[in-house]
Amino acid sequence: MSDHEARRAAPVERRVAAIEAAFDARGMSPGAAIAAFERLVDEEWVPRNGARLVAKAWTDAAFRARLLADGRTAAAEMGFSMPPHHRHLVVLENTPAVQNVICCTLCSCTAFSIIGLPPDWYKDLEYRSRVVRESRTVLREMGLELPPEVEIRVWDTTADTRYMVLPVQPPETIGWSEDRLVDIVTRDGMIGVARV
Ligand SMILES: [Fe+2]
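Bear in mind the structure is a predicted one, so any value in this text is a computation, not a measurement.

Conventions we followed
- Residues numbered from 1 in each chain as written.
- Predicted model: local features only at pLDDT ≥ 70, side-chain atom pairs only at ≥ 80, totals over all residues.
- Heavy atoms only, no water.
- Helix = DSSP H or I, 4+ residues; strand = E, 2+ residues; numbered from the N terminus.
- Buried < 20%, exposed > 50% of the residue type's maximum accessible area, 1.4 Å probe, protein only.
- Contact = heavy atoms within 4.5 Å.
- Donors = N, O, S within 2.8 Å, 3.2 Å for Na, K, Ca; no water.
- Polar contact = N/O pair within 3.5 Å; in protein donor to acceptor, adjacent residues only side chain to side chain.
- Salt bridge = Lys/Arg side-chain N within 4 Å of Asp/Glu carboxyl O.
- Expected span 1.5 Å × (residues − 1).
- Pairing = 2+ DSSP bridges.
- Axes fitted to C-alpha atoms, helices over the stretch in contact; angles between N-to-C directions.
- Parallel < 35°, antiparallel > 145°, perpendicular 65-115°, else oblique.
- Left-handed = near helix turned anticlockwise from the far one by under 90°.
- Nonpolar A, V, L, I, M, F, W, Y, C, P; charged D, E, K, R; others polar.

### Focus: the overall build of the chain
Counting its secondary structure elements, the chain contains 12 helices and four strands. By its C-alpha atoms, the chain is 60 × 35 × 25 Å across when sized along the principal axes. Expressed as a percentage of the 196 residues in the chain, the buried residues total 37%. Here the analysis covers contacts within the chain between residues at least 6 apart in sequence; of these, 69% occur between residues at least 24 apart.

Following this line, the structure appears as structure tokens:
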């Protein structure tokens, strides 16, 4: 949006009110659809889904291999679906020497049914533009200081290819149950801007 357009655009509340008024004027009631969408966002599209995939991958080598080979099918195996246009879920395996980071330089795409809707900073032009050019600096600013020998790989999401980072399992948690591990996996860890 240009500065000129930014000055002209009404605040979001007024734009929403105008859309609602347009629906009302036509006798349409979007309330049920909005409530259904809110339920999806709050209860279904939550980072805990991805956390469960990570915890299973950490404790089940065969599942880990399937998750890395075809994330979408492995997620479906655990009962997690993705919209049809998310044709691929590519799972990026972190190692002590490699840190994968995801972004969407165009807008805000994520594998939202798996790792949750994107946080506000992920949608900011600041993150989208800088993480690809000065990823080490951006990660440091976000609290992740990586030794210079750690390679950073930045992956730009597209409409049909979505990503999830598979964090390195903290050594002190080796041997924990899958249920216990789920609780330590964070959304930021699956975006790649934090380590677990
Ligand atoms: Fe996007």
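### Considerations on the coordination of the iron ion
The protein atoms that coordinate the iron ion are Cys104 (SG), Cys107 (SG), Ser108 (N), Cys109 (N) and Cys109 (SG), at distances spanning 2.1 to 2.8 Å. All donors to the iron ion come from one chain, and their sequence spacing reads C-x2-C-S-C. Judged by its relative accessible area of 27%, Ser108 is partly exposed.

### Details of the side chain of Thr157
Position of Thr157 relative to the elements: it lies in the loop between strand E3 (151-156) and strand E4 (161-166). For Thr157, a relative accessible area of 5% translates into the label buried. One polar contact links the side chain of Thr157 to the main-chain carbonyl oxygen of Cys103, over a distance of 2.7 Å. In this structure, Thr157 is in contact with Cys103, Cys104, Cys109, Tyr122, Arg162 and Tyr163, ignoring residues within four places of it in sequence.

### With respect to the pattern of salt bridges
On inspection of all chains with the given rule, the structure shows 14 salt bridges. Put simply, Glu44 and Arg39 hold a salt bridge, and the shortest N to O gap is 3.2 Å. What makes Glu44 partly exposed here is its relative accessible area of 38%. Between Asp188 and Arg187 there is a salt bridge whose closest N-O contact spans 3.2 Å. Connected through salt bridges with shared partners, the residues Glu126, Arg130, Glu134 and Glu141 form a single ionic network.

### Brief notes about helix H2 (residues 12-25)
Between its first and last C-alpha, H2 extends 20 Å over 14 residues, near the 20 Å set by a 1.5 Å rise per residue. At the C-terminal side of H2, Gly27 shows a positive phi close to 70°.

### Concerning the pairing of E4
For E4, the tally of buried residues reaches six of six residues, placing the bulk of the element in the interior. Every second residue of E4 is oriented toward a common face, with Thr161, Tyr163 and Val165 on one face and Arg162, Met164 and Leu166 on the other, all of them buried. Taken together, the six bridges between strand E1 (residues 88-93) and E4 define a ladder with parallel strand orientation. Residue pairing across strands places Leu89 opposite Arg162, the latter belonging to E4.

### Some thoughts on the environment of Phe23
Structurally, Phe23 can be placed in helix H2. The exposure class assigned to Phe23 is partly exposed, which follows from its relative accessible area of 29%. Not counting residues up to four positions away in its chain, the partners in contact with Phe23 are Met28 and Pro30.

### With respect to the packing of helix H4 (residues 47-59) against helix H5 (residues 61-69)
For the pair H4 and H5, the least separation of the axes is 5 Å and the interaxial angle reads 125°. Viewed along their axes, H4 and H5 adopt a mutual orientation that is oblique. The two elements H4 and H5 meet at a crossing, and its hand is left-handed. Taking contact as the criterion, the partners of Leu53, Lys56, Ala57, Trp58 and Thr59 in H4 are, on H5, Ala61, Phe63, Arg64 and Leu67. For the contact of H4 with H5, the residue count by class is six nonpolar, one polar and two charged.

Keep in mind that these numbers describe shape and distance, not what the molecule does.
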